[in-house]
Amino acid sequence: MKNHLARLAVAVVLLAVGSKPIMQSNFFSFGSDAYEIKWSGTNGSKLFGSYVIASKSPSTPSRVEKVTATLPYKVNFSAPKNTLISAAGITDHQGTVEIKIFKNGLECEKASVIGSGAIANKICQ
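Residues numbered from 1 in each chain as written. Predicted model: local features only at pLDDT ≥ 70, side-chain atom pairs only at ≥ 80, totals over all residues. Heavy atoms only, no water.

## Describing the packing of aromatic side chains
- Evaluation of the coordinates by the stated rule reveals 4 aromatic pairs.
- Summarising the aromatic geometry, the rings of Tyr35 and Phe77 are spaced 5.6 Å apart at their centres and angled 20 degrees between planes, so their arrangement reads as stacked. Taken as a pair, Tyr35 in strand β1 (residues 32-41) and Phe77 in strand β4 (residues 73-80) lie far apart in primary sequence, 42 residues in all.
- Note on Tyr35: relative accessible area 2%, which makes it buried.
- Aromatic side chains Trp39 and Tyr73 sit 5.9 Å apart centroid to centroid with 40 degrees between the ring planes, which places their arrangement in the tilted category. One end of the pair, Trp39, is in strand β1; the other, Tyr73, is in strand β4, with 34 residues separating them in the sequence.
- Residue classification places Trp39 among the buried residues on the basis of a relative accessible area of 0%. (Phe/Tyr/Trp six-rings, centres within 6.5 Å; stacked < 30°, edge-to-face > 60°. Helix = DSSP H or I, 4+ residues; strand = E, 2+ residues; numbered from the N terminus. Buried < 20%, exposed > 50% of the residue type's maximum accessible area, 1.4 Å probe, protein only.)

Have a look at this one:
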């Protein structure tokens, strides 16, 4: 009986984690990650943007922060593991804007839109 319970416990953990090895998954993750968001583009342009800190847990509320600044601009913060971070921005007078998000010092995926008069948007998870 003990052998069956041990196998069941291992099976439940493997199903919860999926195909990733346990050490690479976030199943047992605690603590936080350090983030830095950088908006750059046409220096001196007025930036209108925001960033979102969204938990993947439905019981934890998301947080939206408004950004009104002059380019270049950056913000640093920490967020719990398994958090989704996104940032957006647009400038005045058709200036360009590029967004970079760094998680624990490493850059997340490239911005999905960069351009004049377009809203840049980027997501990191």
